[in-house]
Amino acid sequence: MGGGLASFWEQWNIQILVILSFALQVILLCCAGIRRREGSALLTILLWLAYLMADYTAIYALGHMSIRMTRSGHRQQSMAPFWAPFLLLHLGGPDTITAYAYQDNQLWLRHLLTLAAQVLGAVYVVYLFVVAGRTPAGTLLAAAALMFVTSCLKYGERTWALKCGGIDSIASSLDDSSKSSATRHGPYHGREGGERLDSEQVLLGAHYMLNFCKGLLADVPVMQVSEYETVRQGIQLNGGKYLFELAAMELSLLYDILYTKAAVIHTWHGLCIRIISPLSAATAFVLFQLSSTDAYGRGDVAVTNVLLVGAMALEFTSLLGAAGSCWACASYHAWGWHRLCSVVMRIRRMFKAGSSRSACLESLGQYNLLDLCTDANKDGHLRGKIAKMIGLGDRWQKLHYSSTVRISDGVKDLVLREIRKRRIDDLRNARGRWILKEKAMYEDLTRIADDTELDRSIMVWHIATDLYLSMCPDDSDEEVRDNIRVLSNHMLFLMVVHPYLLPGVVRSGRYKENLKYYDMVWWGNLKSTKEGTKTLSRSEIVKKIAEWQLPADSRNKYKFGIGEEAANDVDDRPVYADGAWLAGMLHGNRWCLPAADMLEVIAGVWVEMMCYASHHCGSESHAKKLSTGGQFVNAAWLIMGHATQYDRYAPSDEALTGGLGRSEPARKRKPPARWQPEAEPQSTVGVDRPGVPPGVHPAYWPFFGVEAHQTPSTSSAERHC
């Protein structure tokens with residue numbers, strides 16, 4: 001049987017490879033769009049394999065073909081050399097994907113070298129075809145020549161698209177488009193006070209804002225007056241949520257520039273290639289039908305027909321896709337061809353082409369530390385066990401415990417409302433400082449606002465948010481609590497799953513330390529069982545953990561600022577200790593804030609952290625994330641960029657932020673006399689416990705079998721605000 005398979009492969013290997021190469025092109029054409037959103041991990045892996053195999057298969061087939069043609073006995077019977085131009089055409093790839101990752105754009109020179117090598121290889125194969133024992137028919141040579149020229153154009157176009165997808169190329173392209181963008185009419189000209197804009201019209205507005213978006217990506221944002229008018233009219237017609245709708249469409253256009261051929265298709269030379277390619281494929285098909293193929297086997301003729309018909313189908317699909325794209329609509333509108341633009345937009349609405357581009361803002365990634373630690377089935381997943389065996393346990397854990405929730409209007413309103421309160425510098429750099437100063441809490445919470453790294457601050461606030469919300473009064477606004485929880489889980493999702501979206505160093509060891517601690521608390525200190533855990537709701541589980549870390553008899557100390565707060569080794573404190581301390585401070589509420597104001601503080605901190613991360617993570621991080629679907633933080637980056645430039649033109653009553661510059665720090669309110677304690681108990685720092693090595697902080701006592709919350713109780717009477 002082994003000999004039969006070897007013989008079969010020896011006879012049909014080239015045919016199998018070229019058909020496989022064509023099939024991979026079809027897969028890439030149809031499935032590349034799934035990258036616009038964070039989809040199934042399995043589909044993503046399959047698309048990645050198809051992307052890699054498409055190039056490897058074509059390159060291998062060309063090399064194998066050249067070796068086979070040099071052997072005697074194959075030159076006269078095989079039609080394989082005629083397929084060399086088709087393999088070059090496949091290396092050009094479909095219009096829907098050029099780069100799989102942002103780094104592919106940076107390596108465009110390597111692709112250029114590969115282009116030169118493969119073109120020379122194809123020339124050599126065709127040369128052997130021509131000088132074989134029997135000269136091919138003239139029509140067959142003409143067909144091969146046509147396909148060779150077309151394939152070189154398509155392959156070169158892909159390499160040029162990779163170059164145009166780099167941030168340096170995007171920055172240089174701004175000089176070419178800035179003059180024209182300021183002179184044409186906006187997309188909503190004459191629509192003042194009209195009906196609400198639909199997705200296609202918002203997408204048209206995003207095209208008019210594209211020069212600004214490219215400038216923001218290249219770190220040289222400049223908003224023209226026409227672009228300001230586009231945003232102003234959009235807000236008047238659709239309200240404040242227009243900013244999110246616009247940002248979603250702009251992210252999709254940036255994806256087109258970075259990871260598809262859009263940057264070169266919609267130019268004059270790109271248009272010429274779109275016209276030449278299908279005509280060349282059709283002409284080659286006709287010439288092949290007119291040529292004599294009696295000297296070749298039926299299998300070779302059938303494969304050639306498949307390649308020619310497939311090439312025609314792919315190229316005509318590319319032409320129709322370009323003519324009916326939103327990029328073409330924007331060009332029609334800019335050139336004044338409004339009737340043609342309306343017809344194309346009407347057809348696009350039938351297929352919901354515009355609405356599918358906003359997928360990146362339909363859901364928010366979620367990751368919750370306590371949910372992972374208290375999962376009763378954590379060790380029972382077969383796929384998890386297999387992943388651990390092959391060293392991918394951490395990767396599987398991140399993917400398995402990541403989830404998404406639909407972005408509600410409440411979350412969008414919350415973010416816009418918080419952005420409007422702050423000045424631009426506060427949005428970029430506050431990281432929780434602004435809202436804490438606004439509520440006179442900053443002096444007490446400085447060390448978890450400014451005096452720590454961002455990844456540590458996210459962990460501390462994430463733990464504190466979960467613990468505080470579990471103890472929050474039942475009469476507080478449930479929708480606000482849900483929105484806060486969503487933002488908290490989203491920021492931890494970014495830290496764990498996409499750490500490159502956070503500025504600075506993200507230490508995975510911190511996350512694993514807290515994972516181990518809460519795993520020990522739930523299953524060790526609280527002696528929970530899998531059966532009992534399955535009967536509890538999530539809120540009940542978190543509440544039990546909160547009651548263990550913050551027992552009722554010790555909560556009063558947080559009103560007076562004693563205990564752990566007075567420790568002099570706060571830099572060495574573990575994150576879970578600071579998280580519990582912060583939850584106690586928020587629950588103790590020494591500032592006597594109403595429950596609604598306290599929720600506003602927590603929400604404001606999360607919005608400021610997200611804005612800080614989106615501004616400081618860098619343009620390349622945003623570009624990298626778009627390859628797997630945009631995230632809410634990418635939209636926040638665009639909205640902040642719009643608001644910064646928009647407010648330079650807008651009157652104060654229409655401003656999107658609290659103004660330019662930075663806010664003056666709010667004065668710290670003096671606490672009433674009744675807040676002062678009669679006596680302050682001694683801190684537990686430095687107190688030795690049996691079984692605990694000397695000098696170990698109380699927060700680490702659970703690792704030695706001693707409860708960390710065993711602290712001296714306060715002797716003062718309980719006071720209420």
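From a predicted model like this one, the values you see are computed outputs, not experimental measurements. (Residues numbered from 1 in each chain as written. Predicted model: local features only at pLDDT ≥ 70, side-chain atom pairs only at ≥ 80, totals over all residues. Heavy atoms only, no water.)

(A) Quick peek at a positive patch on the surface. Among the surface-exposed residues, Lys385, Lys388, Lys530 and Lys534 lie close enough to one another that they form a single positively charged patch. Broken down by secondary-structure element, the contributors of at least two residues to the positive patch are α18 (382-389) and α27 (530-534). (Patch = residues over 30% accessible without salt bridge, like charges linked within 9 Å, V, L, I, M, F, W, Y side chains within 5 Å. Areas by Shrake-Rupley, 256 points an atom, 1.4 Å probe, with all protein chains shown as cover. Salt bridge = Lys/Arg side-chain N within 4 Å of Asp/Glu carboxyl O. Lys, Arg positive; Asp, Glu negative; His and termini not counted. Charge placed at Lys NZ, Arg CZ, Asp CG, Glu CD. Helix = DSSP H or I, 4+ residues; strand = E, 2+ residues; numbered from the N terminus.)

(B) Geometry of the confidence of the model for the protein. For the protein, the average pLDDT comes to 85, and 85% of its residues sit at 70 or higher. In the model, residues 665-687 has pLDDT below 50 throughout and makes 46 contacts with residues more than four positions away in sequence or in other chains. (pLDDT = per-residue confidence, 0-100. Contact = heavy atoms within 4.5 Å.)

(C) Quick peek at the side chain of Gln645. Position of Gln645 relative to the elements: it lies in helix α32 (residues 632-646). Take Gln645: its relative accessible area is 11%, and that puts it in the buried class. Each residue touching Gln645, except ones within four places of it in the same chain, is listed here: Phe212, Pro221, Val222 and Met223. (Buried < 20%, exposed > 50% of the residue type's maximum accessible area, 1.4 Å probe, protein only.)

(D) Representation of the environment of Gly156 in the model. By the element assignment, Gly156 lies in helix α6 (residues 138-164). As for Gly156 and Ala116, which are separated by 40 residues in sequence, their C-alpha atoms are 9.5 Å apart.

(E) The arrangement of the pattern of salt bridges in detail. Applying the stated criterion across every chain, the model contains 32 salt bridges. The partner of Glu200 in a salt bridge is Arg348, and the shortest N-O contact between them spans 3.0 Å. Of this pair, Glu200 sits in helix α8 (residues 199-208) while Arg348 sits in helix α16 (residues 338-350); the two residues are 148 residues apart in sequence, bridging distant segments of the chain. Two residues, Arg510 and Asp455, come together in a salt bridge whose shortest N-O distance is 3.1 Å.

(F) Looking closely at the packing of helix α2 (residues 41-69) against helix α3 (residues 84-92). The contact between α2 and α3 brings their axes to 9 Å, and the two run at 160°. Here α3 runs roughly antiparallel to α2, going by the angle between their axes. The handedness of the crossing between α2 and α3 comes out as left-handed. Contacts between α2 and α3 involve Asp55, Ala58, Ile59, Ala61, Leu62 and Met65 from the former and Ala84, Leu87, Leu88 and Leu91 from the latter. Across the contact of α2 with α3, the residue classes tally to 9 nonpolar, no polar and 1 charged. (Axes fitted to C-alpha atoms, helices over the stretch in contact; angles between N-to-C directions. Parallel < 35°, antiparallel > 145°, perpendicular 65-115°, else oblique. Left-handed = near helix turned anticlockwise from the far one by under 90°. Nonpolar A, V, L, I, M, F, W, Y, C, P; charged D, E, K, R; others polar.)

(G) View of the packing of aromatic side chains. Evaluated as defined, the whole model comprises 16 aromatic pairs. For the ring pair Tyr51 and Tyr100, a centre distance of 5.7 Å and an interplane angle of 40° mean the geometry is tilted. Placement of Tyr51 in helix α2 and of Tyr100 in the loop between α3 and α4 (102-106) is noted, with a sequence separation of 49 residues between them. Summarising the burial analysis for this pair, Tyr51 and Tyr100 share the class buried. Here the aromatic rings of Tyr188 and Tyr242 are separated by 6.2 Å at their centres, their planes lie at 80°, and the arrangement is edge-to-face. (Phe/Tyr/Trp six-rings, centres within 6.5 Å; stacked < 30°, edge-to-face > 60°.)

(H) A look at the side chain of Thr446. Note on placement: Thr446 falls in the loop between α23 (442-445) and α24 (454-471). Using a relative accessible area of 16% as the deciding quantity, one classes Thr446 as buried. Separated by 2.6 Å, the side chain of Thr446 and the backbone oxygen of Tyr442 make a polar contact. (Polar contact = N/O pair within 3.5 Å; in protein donor to acceptor, adjacent residues only side chain to side chain.)

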